[in-house]
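These are the residues of each chain, in order.
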Amino acid sequence: MTRSWSPSTFLGRLRDGTLEDLTQLGTRTEYPAHRPLLHQGDGSSHVLLITSGVVKVVTRSEDGFEMLLAIRVAGDLVGEMAAFEDRPRSGTVIACSPVTARIIQRPALEAFLTGHPDAMVALFRMMSARLRWANKLRLDFRAYDASTRLARVVAELTQAYGQPVDDSGGKRSVLGVTLTQSELASLAGLALPTAEKALASLAQRGLVERNYRRITVSDIPKLLEFAKIGAENPY
């Protein structure tokens, strides 16, 4: 499988030889857009290695409240928590676009990691980065106002998945995943009306441009400054 992977993804953290071995593991499967790949509460223990497309991870409370937890793209591994904890899945993974993935059963993954220590280290670093990001979000909920919280989410998504706009000198970027305003609100821990006002405020400041389910960052340096974050990648 010859392609480059984002350094923020699991595959992007691997050496060439390890990468080649892993991308041959498991069974290749295709999913149409909007199809659930993994279901919250399910007792299965396999993982999915996303090789093309975008998925979202959502969780639902017993009273029906649904929250978007994360976005994952080609090169990412999903379902690892249930696989390693031997507990029911904590969220549902849904295809945002047509997705290709490799289904890897837990024994095969464990054997692979045992035989490839560098992959084990990459997995630990991936999980640590995700935990660090989750912890930071908890702080953001208390430390910043709505506009800053939403700006931080948009900036971090742009750092991980942004697609630079030609001839902008790296200043402009299109968010490489399609999200509704409700999903953005969920990531930022905001009520939808509050998120809509915050997004309008960012647009008025000339930091973002809004189209249908697509966001373009107009000025990445100014957005990072407004969001009070550096250039680190949270994923």
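These numbers come from a predicted model, not from an experiment. (Residues numbered from 1 in each chain as written. Predicted model: local features only at pLDDT ≥ 70, side-chain atom pairs only at ≥ 80, totals over all residues. Heavy atoms only, no water.)

As enumerated under the stated definition, the model contains 10 salt bridges in all. Where D118 meets R15, a salt bridge forms, and the shortest distance between an N and an O atom there is 3.3 Å. Taken together, the residues D118 in helix α4 (residues 117-143) and R15 in the segment before α1 (16-22) connect sequence positions 103 residues apart. For R15, a relative accessible area of 57% puts it in the exposed group. Across the pair E30 and R28 runs a salt bridge whose closest N-O atoms are separated by 3.0 Å. Neither E30 nor R28 differs from the other in exposure class; each is exposed. (Salt bridge = Lys/Arg side-chain N within 4 Å of Asp/Glu carboxyl O. Helix = DSSP H or I, 4+ residues; strand = E, 2+ residues; numbered from the N terminus. Buried < 20%, exposed > 50% of the residue type's maximum accessible area, 1.4 Å probe, protein only.)

The subject of this paragraph is the sheet that holds strand β5 (residues 66-73). Ordered in space as β2-β7-β4-β5, the 4 strands form an open sheet in which the pairing is antiparallel. Because the sheet does not close on itself, it has two edges, and the strands there are β2 (36-38) and β5. Strand-to-strand twist in this sheet, taken as the mean axis angle between neighbours without regard to direction, amounts to 30°. As paired strands, β2 and strand β7 (residues 92-95) are joined by 2 bridges and run antiparallel to one another. Within the sheet, the bridge partner assigned to L38 lies in β7 and is V93. (Pairing = 2+ DSSP bridges. Axes fitted to C-alpha atoms, helices over the stretch in contact; angles between N-to-C directions.)

Every other side chain in a regular strand lies on the same face of the sheet, so the side chains alternate between the two faces. Two strands pair when backbone bridges link them, and strand β11 (residues 208-211) and strand β12 (residues 214-217) are joined in this way by 4 bridges, in the antiparallel orientation. Looking at the pairing, N211 lines up with R214 of β12.

This part takes up the nonpolar core. Membership of the largest hydrophobic core comes to 37 residues, with the highest contact counts inside it found for I71, L150, L157, V177, L179 and L184. For this core, the element with the most residues is helix α5 (residues 146-161), which contributes 8 residues. Formed jointly, this core draws a minimum of three residues from each of two domains, domain 1 (11-116) and domain 2 (144-227). In this structure, V177 is in contact with V54, I71, V73 and Y161, ignoring residues within four places of it in sequence. In terms of nonpolar packing, the next biggest core, distinct from the first, is built from 20 residues, L14, V47, A83 and A122 among them. (Core = buried A, V, L, I, M, F, W, Y, C linked by side-chain atoms within 4.5 Å. Domains from an automatic or database assignment. Contact = heavy atoms within 4.5 Å.)

Pairing within the open sheet is antiparallel, and its 4 strands lie in the order β9-β10-β12-β11. What marks the edges here is a single partner per strand, and that holds for β9 (163-164) and β11. Seen against the sheet, helix α7 (residues 192-204) touches β11 and β12 and runs at an angle of roughly 125° to β11.

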